[in-house]
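Spelled out, the chains give:
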Amino acid sequence: MRLEILVFALALFVAAAMTPFLIEMARKRGLLDRGNARKVHKRPTPRIGGVAIVAGFFAPLIALRFVDGPVQSLYAMHPNLWTMLGCAAAIAALGLYDDLRGASAKQKLFVQIIVAIALVSVHGYRIEHLQIPFGGKLPVGMLAAPLSVLWIVGIVNAMNLIDGLDGLAGGVAVIVVVMNLVIGIVHGDVMTILLTTALSGAVIGFLFYNLNPAQIFMGDTGSMFLGFVLAAVSLRTSHKSSTAWALLVPVVALGLPIADTILAFLRRALRGQSPFHPDREHIHHRLLDMGLTHRQAVLALYGTCVCLASAALLLSFSSSRTNAIILVALGALATYAIRRLGVFGHRQAPAEPGAEVRAAIAEISNRLQRANHVSEVLECVSAITPAVGASHVTAWTSRSAGAHLATSSNSVALPRSAESSWFRARYALAHVGGFIEVVWSDGRDAVGTSEDAALNDVSGHFADALRRVASRSETPIVVLRSVPRPEPRAGDTAAPLERITARTA
């Protein structure tokens, strides 16, 4: 037991010590999640906290490899462990790439499938049987590998989708890990015990900084890594069990993220949308819409996961009759919860002005986060014009790095002259220098509150995207052509501004 405590303590220490460093680095480099209309948080927040979870998990497991004694023989008895750890590292690398540069849903799914195939190719990490209640086990034969791959990829994406509130994905992971730890102790599976103690320590160390209000998010690095390790450990524990209900145990324990994912896919399919189409109608969003605060929603979902994990443990150790009662009760409660939350209903959007503008700008912000080339960034700028009903939109940037507008706020409205019906507003580009200028010709003399908030948001995404694509370019793909500066304003001391134009490479 002292070994398990040491593994837990080391994992917790590494994750907790590394997270503040990641927060500082992310702020300096602009690796921030600025949010949009779908997300709950309002302020820019670092998004690479998953690196601390990964480091905390691997640190004790790798350190033990070099410790002389019985641990060495333990590792020798589990050669497939290194395959699992290598696959977990590959998933973490995919998540980090997505957090830093952005990856499409198809790219992520392809890599996830390849990594899952690599894992199920080794013994001990595949579904060999399906349970038939009161009927024993049914060998799946040739379907073993496809079902196992589906399980792993499904849990990876389920944890990714449920990561929508501060501390939610991490807390859910800890609850499920504790359940697997108990099963590992009962079965005397030392390696499962080490894996679960390392993961729980790493996640708890990170949660010190991720609980509401979160100082950092785990990002796709953390959520996909957690999903993969939980899927792999669950396959391991079910493979070790001799009960016919073994595979239902991880299904029930992971019932919340699994249910959220299935409901999301069904909801989008019924509406004729892509299953990967983002929306703001997940279970945690519904709880917030019902009037729960952020913390209340998280605690409610924690309680749900505790109940499901407890039910999963009962499935492991109870008779078939008791297990049948448990499943019927869970099914009835799930049906009631789905109806109560109105998961499949079209949510009535509040009749507030500017909702359509915010939705359009949120979509542009999402495109900017995925942009990989300057032409894609410029297309997003052009899309702002119809979104806010403007005459035209121009992006300006300064020659010198670090130049900024001498203003006290991010947006500046320039009053129109008496003889002109044009009205202009400028939105500063943080860390880049310059601004986005939006011009209306509809006779207005002010920017609406909703439009102003949305444009402030998109300007931040534009600055981040511009920095990102510029850093990737090996050859110049952007020409900064000097043009006359827009009319100067009193107190404007910024460096000369230039308009961004594109050329054919």
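Scoring rules and cut-offs
- Residues numbered from 1 in each chain as written.
- Predicted model: local features only at pLDDT ≥ 70, side-chain atom pairs only at ≥ 80, totals over all residues.
- Heavy atoms only, no water.
- Helix = DSSP H or I, 4+ residues; strand = E, 2+ residues; numbered from the N terminus.
- Buried < 20%, exposed > 50% of the residue type's maximum accessible area, 1.4 Å probe, protein only.
- Contact = heavy atoms within 4.5 Å.
- Areas by Shrake-Rupley, 256 points an atom, 1.4 Å probe, with all protein chains shown as cover.
- Axes fitted to C-alpha atoms, helices over the stretch in contact; angles between N-to-C directions.
- Parallel < 35°, antiparallel > 145°, perpendicular 65-115°, else oblique.
- Left-handed = near helix turned anticlockwise from the far one by under 90°.
- Nonpolar A, V, L, I, M, F, W, Y, C, P; charged D, E, K, R; others polar.
- Expected span 1.5 Å × (residues − 1).
- Bend = angle between axes of the 7 residues up to and from the residue.
- Pairing = 2+ DSSP bridges.
- Phe/Tyr/Trp six-rings, centres within 6.5 Å; stacked < 30°, edge-to-face > 60°.
- Salt bridge = Lys/Arg side-chain N within 4 Å of Asp/Glu carboxyl O.
- pLDDT = per-residue confidence, 0-100.
- Patch = residues over 30% accessible without salt bridge, like charges linked within 9 Å, V, L, I, M, F, W, Y side chains within 5 Å.
- Core = buried A, V, L, I, M, F, W, Y, C linked by side-chain atoms within 4.5 Å.

1. Details of the overall build of the protein chain
Turning to step 1, where the next piece is worked out: From N to C terminus, the protein chain includes 17 helices and ten strands.
Turning to step 2, where the next piece is worked out: By residue count, 50% of the 505 residues in the protein chain fall in the buried class.
Turning to step 3, where the next piece is worked out: Taking as baseline every contact in the protein chain between residues at least 6 positions apart, the subset at least 24 positions apart corresponds to 71%.
Turning to step 4, where the next piece is worked out: In the form shown here, the protein chain has an accessible surface area of approximately 23,000 Å², with 63% of it arising from carbon and sulfur atoms.

2. So, the packing of helix α2 (residues 50-65) against helix α4 (residues 80-100)
Turning to step 1, where the next piece is worked out: At their nearest, the axes of α2 and α4 sit 11 Å apart, and the two run at 155 degrees to each other. Judged by the inter-axis angle, α2 sits roughly antiparallel to α4. Note that α2 runs across α4; the crossing there is left-handed. Here Val51, Val54, Phe57, Phe58, Leu61 and Arg65 of α2 lie close against α4, whose contacting residues are Trp82, Leu85, Ala88, Ala89, Ala92 and Leu96.
Turning to step 2, where the next piece is worked out: Looking at the contact of α2 with α4 residue by residue, the class counts come to eleven nonpolar, no polar and one charged.

3. Quick notes on the environment of Leu301
Turning to step 1, where the next piece is worked out: Here Leu301 lies in helix α13 (residues 294-317).
Turning to step 2, where the next piece is worked out: What makes Leu301 buried here is its relative accessible area of 4%.
Turning to step 3, where the next piece is worked out: Sequence separation between Leu301 and Leu287 is 14 residues, and the spatial gap between their C-alpha atoms is 9.3 Å.
Turning to step 4, where the next piece is worked out: When sequence neighbours within four positions are dropped, the list of residues in contact with Leu301 reads Leu168, Leu256, Ile283, His284 and Leu287.

4. Regarding helix α1 (residues 2-29)
Side chains of residues three or four places apart in an α-helix project in the same direction, reflecting 3.6 residues per turn.
Turning to step 1, where the next piece is worked out: Taking 1.5 Å as the rise per residue, α1 with 28 residues should run 40 Å; its terminal C-alpha atoms sit 40 Å apart, in good agreement.
Turning to step 2, where the next piece is worked out: Of all the bends in α1, the greatest reaches close to 25 degrees and is centred on Thr19; the proline Pro20 follows between one and four positions later.
Turning to step 3, where the next piece is worked out: Listed in full, the buried residues belonging to α1 are Glu4, Val7, Ala11, Val14, Ala15, Ala16, Thr19, Leu22, Ile23 and Ala26.
Turning to step 4, where the next piece is worked out: Where α1 is buried, its residues touch β1 (32-33), β2 (45-46), α2 and α8 (190-210).
Turning to step 5, where the next piece is worked out: Backbone geometry just after α1 places Gly30 at a positive phi near 75 degrees.

5. Quick word on the pairing of strand β7 (residues 423-428)
Turning to step 1, where the next piece is worked out: For β7, the tally of buried residues reaches six of six residues, placing the bulk of the element in the interior.
Turning to step 2, where the next piece is worked out: Across the two faces of β7 the burial is the same, with Phe423, Ala425 and Tyr427 and Arg424, Arg426 and Ala428 all buried.
Turning to step 3, where the next piece is worked out: One ladder, built from six bridges, connects β7 with strand β8 (residues 434-440); its direction is antiparallel. In the strand pairing of β8, Ala428 is matched with Phe435.

6. Things to note about the packing of aromatic side chains
Turning to step 1, where the next piece is worked out: The tally for this structure, following the rule as stated, stands at three aromatic pairs.
Turning to step 2, where the next piece is worked out: Residues Phe57 and Phe225 carry aromatic rings whose centres are separated by 5.4 Å and whose planes lie at 75 degrees to one another, so their mutual orientation is edge-to-face. Remark: Phe225 occurs in helix α9 (residues 219-240) and Phe57 occurs in helix α2; sequence separation between them is 168 residues.
Turning to step 3, where the next piece is worked out: By relative accessible area, Phe57 is classed as buried at 0%.

7. Some words on the pairing of β8
Turning to step 1, where the next piece is worked out: Where burial is concerned, most of β8 is hidden: seven out of the seven residues are buried.
Turning to step 2, where the next piece is worked out: Of the two faces of β8, the one carrying Gly434, Ile436, Val438 and Trp440 and the one carrying Phe435, Glu437 and Val439 are both buried.

8. Quick notes on the pattern of salt bridges
Turning to step 1, where the next piece is worked out: Throughout the structure, instances matching the rule amount to five salt bridges.
Turning to step 2, where the next piece is worked out: Here Arg424 makes a salt bridge to Glu437, at a shortest N to O gap of 3.2 Å. Pair noted here: Arg424 is in strand β7 and Glu437 is in strand β8, with a separation of 13 residues, a long-range link. In terms of burial, Arg424 and Glu437 fall into one category: buried.

9. A look at the side chain of Asp220
Turning to step 1, where the next piece is worked out: Note on placement: Asp220 falls in helix α9.
Turning to step 2, where the next piece is worked out: Ignoring sequence-local partners within four residues, the contact set of Asp220 consists of Gly95, Asp98, Asp99, Lys108, Asn160 and Phe225.

10. Re the confidence of the model for the protein chain
Turning to step 1, where the next piece is worked out: Looking at the protein chain, pLDDT values average 76 and 76% of them are 70 or higher.
Turning to step 2, where the next piece is worked out: Every residue in residues 399-412 is under pLDDT 50, and counting partners more than four places away or in other chains gives 33 contacts.

11. Remarks on the environment of Asn80
Turning to step 1, where the next piece is worked out: Locating Asn80 in the fold gives a position in helix α4.
Turning to step 2, where the next piece is worked out: Taking the C-alpha atoms as reference points, Asn80 and Ser121, 41 residues apart in sequence, are found 10.0 Å from one another.
Turning to step 3, where the next piece is worked out: Those residues within four positions of Asn80 in sequence are excluded, and the remaining contacts are Val122, His123 and Tyr125.

12. Concerning the side chain of Gln112
Turning to step 1, where the next piece is worked out: Structurally, Gln112 can be placed in helix α5 (residues 105-120).
Turning to step 2, where the next piece is worked out: Among all residues touching Gln112, those that are not within four sequence positions of it are Ile91, Leu94, Val153, Val156, Asn157 and Met224.

13. Looking at a nonpolar patch on the surface
Turning to step 1, where the next piece is worked out: On the surface, Phe110, Ile113, Ile114 and Ile117 cluster together to form a nonpolar patch covering roughly 370 Å² of accessible area.
Turning to step 2, where the next piece is worked out: Locating Phe110 in the fold gives a position in helix α5.
Turning to step 3, where the next piece is worked out: For Phe110, a relative accessible area of 55% translates into the label exposed.

14. Quick notes on the nonpolar core
As a rule of thumb, nonpolar side chains are buried together in soluble globular proteins.
Turning to step 1, where the next piece is worked out: Counting residues in each nonpolar core, the largest one holds 94 residues, and the members touching the most others are Phe57, Ile152, Phe225 and Phe228.
Turning to step 2, where the next piece is worked out: Those residues in contact with Phe57 that sit more than four places away from it in its chain are Leu85, Leu195, Ala198, Leu199, Ala202, Phe225 and Val229.
Turning to step 3, where the next piece is worked out: Leu368, Phe423, Ala425 and Val469 belong to the second-largest nonpolar core, a separate cluster that totals 33 residues.

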